[in-house]
Amino acid sequence: MENMDNVTILTHPLIKHKITMLRDIHTGTNEFRKLVEEIATLMGYEALRDLPLEDIEVTTPIETCKSPVISGRKLAIVPILRAGLGMVDGLLNLTPTAKVGHIGLYRDPVTHEPHEYYCKLPSPIEERTIIVVDPMLATGGSAVDAIRMIKEHGGRKIKFMCIIAAPEGLERLHTECPDVQIYVGNLDRCMNENKYIMPGLGDAGDRIFGTK
Ligand code: PRP
Ligand code: URA
């Protein structure tokens with residue numbers, strides 16, 4: 001794979017450990033949800049590294065000074081439904097004042113093409129740093145479509161965060177959206193004939209919501 005300077009593959013041991021717990025077929029819904037949230041928080045720490053700051057005046061017990069705070073009004077978290085919902089609270093733990101948009105996409109089980117069913121984004125979207133979240137980047141179709149929809153609504157500064165990526169999807173997202181910073185918890189081996197990531201973790205939405 002060529003050098004991709006808009007891609008960060010995270011290496012923190014806590015993220016790697018929790019991803020292994022997620023993969024385990026014996027991890028139940030409750031534990032799975034908690035792990036997805038925790039991983040999103042840990043990944044968010046990296047993805048939000050360049051958040052804009054603004055100085056406010058604060059009075060310490062010693063004196064008054066200017067000190068930086070995050071311009072939280074300018075952040076939007078956008079989960080791709082359904083599975084992306086599992087990552088939202090993990091990011092809100094870091095930036096509780098962020099606004100949350102939603103993009104509804106499902107993958108056709110036969111063609112594996114994404115289909116849109118919902119889009120609601122906080123305004124003014126063009127002024128916000130937007131973090132699109134989805135645990136899985138498989139063919140890349142859903143991520144590319146979500147980013148296209150956000151751009152059509154005026155979004156410009158977009159990041160994408162996933163817990164597990166397949167090489168094919170990462171390559172596609174990187175090629176079709178070179179202006180998007182991409183954060184990946186782990187790059188897996190490949191996809192199977194049903195376009196599930198191998199070794200992956202199965203169907204992320206089903207494991208988060210306990211459906212089949
Ligand atoms: C899963 C996953 C991604 C998408 C990834 O969602 O959460 O959105 O598949 O696959 P892709 O990269 O090949 O597009 P799914 O369509 O199963 O919907 P769900 O979250 O509602 O279960
Ligand atoms: N969607 C999932 O939930 N899992 C995969 O492995 C691929 C797409």
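Residues numbered from 1 in each chain as written. Chains lettered and ligands numbered in written order. Predicted model: local features only at pLDDT ≥ 70, side-chain atom pairs only at ≥ 80, totals over all residues. Heavy atoms only, no water.

## So, the overall build of the protein
Move 1: A count of helices and strands for the protein gives six helices and 13 strands.
Move 2: Relative to the compact-globule value of 17 Å for 212 residues, the protein shows a C-alpha radius of gyration of 18 Å, a close match.
Move 3: When the backbone C-alpha atoms are referred to their principal axes, the protein occupies close to 65 × 40 × 35 Å.
Move 4: When burial is assessed residue by residue, the protein has 47% of its 212 residues classed as buried.
Move 5: Counted over contacts in the protein with a minimum sequence separation of 6, partners at least 24 positions apart contribute 65%.
Move 6: When the accessible area of the protein is evaluated, it comes to approximately 10,900 Å², of which 53% is carbon and sulfur surface.
Move 7: Each charge class in the protein can be summarised by its mean position, and for the 24 positive and 29 negative side chains these summaries are 3 Å apart. (Helix = DSSP H or I, 4+ residues; strand = E, 2+ residues; numbered from the N terminus. Rg over C-alpha atoms; globule rule 2.2 N^0.38 Å. Buried < 20%, exposed > 50% of the residue type's maximum accessible area, 1.4 Å probe, protein only. Contact = heavy atoms within 4.5 Å. Areas by Shrake-Rupley, 256 points an atom, 1.4 Å probe, with all protein chains shown as cover. Lys, Arg positive; Asp, Glu negative; His and termini not counted. Charge placed at Lys NZ, Arg CZ, Asp CG, Glu CD.)

## Topic: the site of ligand 1
Move 1: Ligand 1 sits among 15 residues. The nearest are R107, D134, A138, T139 and S142.
Move 2: In this structure, A138 approaches ligand 1 through a main-chain N or O atom, which is 2.8 Å from an oxygen atom.
Move 3: T139 places a side-chain nitrogen or oxygen 2.6 Å from an oxygen atom of ligand 1.
Move 4: Computed on the free molecule, ligand 1 has an accessible area of 510 Å², of which 90% lies beneath the protein chains in the complex.
Move 5: Here ligand 1 occupies the largest pocket.
Move 6: Of all the secondary-structure elements, those providing two or more residues to the shell around ligand 1 are β6 (102-107), β9 (136-137) and α4 (141-152).
Move 7: By residue class, the composition of the shell around ligand 1 is six nonpolar, five polar and four charged. (Near = heavy atom within 4 Å. Polar contact = N/O pair within 3.5 Å; in protein donor to acceptor, adjacent residues only side chain to side chain. 1 Å grid on protein atoms, 1.4 Å probe; cavity = no way out; pocket = protein on both sides within 12 Å on 5 of 7 lines; lining within 4 Å. Sits in = over half its atoms within 2 Å of the grid points. Nonpolar A, V, L, I, M, F, W, Y, C, P; charged D, E, K, R; others polar.)

## What to know about the site of ligand 2
Move 1: Taken together, R107, M136, A138, K195, Y196, I197, G202, D203 and A204 make up the full set of residues near ligand 2.
Move 2: A distance of 2.8 Å is found between an oxygen atom of ligand 2 and a backbone nitrogen or oxygen belonging to A204.
Move 3: Across the complex, the protein chains shield 88% of the 240 Å² of accessible surface that ligand 2 would expose by itself.
Move 4: Looking at side-chain class alone, the shell around ligand 2 contains five nonpolar, one polar and three charged residues.

## Section: the nonpolar core
Move 1: In terms of nonpolar packing, the biggest core is built from 34 residues, with L22, M43, M161 and I163 touching the most fellow members.
Move 2: Looking at this core, the elements that each hand over two or more residues are α1 (13-23), α2 (29-47), β4 (75-81), α3 (85-92), β8 (129-133), β10 (157-165) and α6 (204-209).
Move 3: Looking at which element gives the most residues to this core, the answer is α2, with seven residues.
Move 4: Residues contacting M43, with those up to four places away along its chain left out, are L10, I15, M161, C162, I163, Y183, V184 and G185. (Core = buried A, V, L, I, M, F, W, Y, C linked by side-chain atoms within 4.5 Å.)

## Digging into the packing of α2 against α3
Move 1: Contact geometry for α2 and α3: axes closest at 7 Å, N-to-C directions at 50°. With respect to α3, the element α2 is oriented oblique. Of the two possible hands of crossing, α2 and α3 adopt the one that is right-handed. Residues V36, E37, A40, T41 and G44 of α2 form the contact with α3, whose own contacting residues are G86, M87, D89, G90 and L91.
Move 2: Per-class residue counts for the contact of α2 with α3 are four nonpolar, four polar and two charged. (Axes fitted to C-alpha atoms, helices over the stretch in contact; angles between N-to-C directions. Parallel < 35°, antiparallel > 145°, perpendicular 65-115°, else oblique. Left-handed = near helix turned anticlockwise from the far one by under 90°.)

Spatial relationships are all this shows, so hold off on functional conclusions.
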